[in-house]
Amino acid sequence: MKIVSAEFIKSCVSPEQFPQGELDEIAFAGRSNVGKSSLINSLLNRRDLAKVSRTPGKTRAVNVFRISTSDPNLDQFYLVDLPGYGFAKVSRSLRLQWGPLMDGYLVDRESLRGVVLLVDCRVVTEQDRQTIAWLRSIRRTTLVVATKVDKLKPSERVRTLKHTHHDLGLAQGETLIPYSSVTGDGREWVWGALRDLIGGPHPESS
Ligand SMILES: Nc1nc2c(ncn2[C@@H]2O[C@H](COP(=O)(O)OP(=O)(O)OP(=O)(O)O)[C@@H](O)[C@H]2O)c(=O)[nH]1
Ligand SMILES: [Mg+2]
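The sections below set out a description of the structure shown in this document. (Residues numbered from 1 in each chain as written. Chains lettered and ligands numbered in written order. Predicted model: local features only at pLDDT ≥ 70, side-chain atom pairs only at ≥ 80, totals over all residues. Heavy atoms only, no water.)

## Overview of the overall build of the protein
Across its full length, the protein holds five helices and seven strands. Listed by position from the N terminus, the elements making up the protein come as β-β-α-β-β-α-β-α-β-α-β-α. Summarising the internal contacts of the protein: among those between residues at least 6 apart in sequence, 72% fall at separations of at least 24. Total accessible area on the protein stands at roughly 10,900 Å², and carbon and sulfur atoms take up 49% of it. (Helix = DSSP H or I, 4+ residues; strand = E, 2+ residues; numbered from the N terminus. Contact = heavy atoms within 4.5 Å. Areas by Shrake-Rupley, 256 points an atom, 1.4 Å probe, with all protein chains shown as cover.)

## Quick notes on the packing of helix α1 (residues 36-44) against helix α5 (residues 187-199)
Packing of α1 against α5 brings their axes to within 10 Å, and their N-to-C directions diverge by 90 degrees. Looking at the two axes, α1 sits roughly perpendicular to α5. In this structure, α1 contributes S42, L43 and L44 to the contact, and α5 contributes R187, V190, W191 and L194. Each residue belonging to the contact of α1 with α5 can be placed in one class, and the counts come to five nonpolar, one polar and one charged. (Axes fitted to C-alpha atoms, helices over the stretch in contact; angles between N-to-C directions. Parallel < 35°, antiparallel > 145°, perpendicular 65-115°, else oblique. Nonpolar A, V, L, I, M, F, W, Y, C, P; charged D, E, K, R; others polar.)

## Quick notes on α1
Burial of α1 is extensive: eight of the nine residues sit out of reach of the surface. The set of residues buried in α1 consists of K36, S37, L39, I40, N41, S42, L43 and L44. Downstream of α1 by one or two residues, N45 has phi in the positive range, about 55 degrees. (Buried < 20%, exposed > 50% of the residue type's maximum accessible area, 1.4 Å probe, protein only.)

## Details of the side chain of T160
One can find T160 in helix α4 (residues 154-167). Since its relative accessible area comes to 16%, T160 is described here as buried.

## A short note on the nonpolar core
Membership of the largest hydrophobic core comes to 31 residues, with the highest contact counts inside it found for V80, L82, Y105 and L168. When residues of this core are traced back to their parent elements, those giving at least two are β2 (25-30), β3 (62-69), β4 (76-81), α2 (92-108), β5 (112-120), α3 (126-137) and β6 (142-147). If sequence neighbours within four positions are ignored, V80 has contacts with E25, I26, A27, F28, I40, V62, N63, V64 and Y105. Of all hydrophobic cores here, the second largest spans 27 residues; its members include L44, F65, I67 and V116. (Core = buried A, V, L, I, M, F, W, Y, C linked by side-chain atoms within 4.5 Å.)

## Quick notes on the pattern of salt bridges
For the structure on display, the rule yields 10 salt bridges. Two residues, D185 and R157, come together in a salt bridge whose shortest N-O distance is 2.8 Å. On the criterion of sequence distance, the pair formed by D185 in the loop between β7 (176-178) and α5 and R157 in helix α4 is long-range, its members being 28 residues apart. E188 is the partner of R187 in a salt bridge, and the nearest nitrogen-oxygen pair spans 3.5 Å. Assessed through its relative accessible area of 16%, R187 is described here as buried. (Salt bridge = Lys/Arg side-chain N within 4 Å of Asp/Glu carboxyl O.)

## Some points on the pairing of β6
Among the six residues of β6, five are classified as buried, and the element is accordingly described as predominantly covered. Pairing geometry for β5 and β6, over six bridges, is parallel. Paired with V116 across the bridge in β6 is L143. Tracing the backbone out of β5, into α3 and back to the parallel element β6 gives a crossover that is right-handed. (Pairing = 2+ DSSP bridges. Right-handed = clockwise from strand over helix to strand, strands pointing away.)

Here's what the structure looks like:
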């Protein structure tokens, strides 16, 4: 599959700014600094389409990208880079702005086909667990991805991922996709899952 085009559409700080919803979309959520923007770039083979930073809290708005591929099942869709959660250094007023925007988006957005929730492969936080539980409660299809697996020694990889899977409270059959934006590990797996979400039956038509 080829990425035919990937372009930044807009940065939204309030719901009226979200695109009309004429295309299916997939959103990327997770703790600040976990690697959401990096994963989007890695999926698209682009170096800095989504802005990456070592300083947590880089992505502060809902950033929308329009993608088209050579895969007829995927065709055109939006990828949405969400601001991270759990970052204490942003001002209180900014945090108050983020919360409702994110909640509203994830609850109400009709064209949203699924959420990719990123967690650090080595560290699970209470907020990660709460976010998974909340996404479940609002019946959002969620794909959980463990990032930065390049930081694991091959000898500890299986054990650490098992531990992370358990810490997140995932059921036995639920997948935790290992990913590295540095090596591209997990890229095909995630694309396969996105293809199923976007190309699969839509809730309103099933
Ligand atoms: N080793 C390694 N580093 C990574 C990986 N993914 C991201 N990083 C690094 O982690 C830092 C944060 O990456 P971002 O992609 O900006 O993280 P983010 O989740 O978008 O962060 P916010 O926008 O602040 O919410 C950067 O220094 C990246 O280079 C990975 O797979 N492996
Ligand atoms: Mg980001």
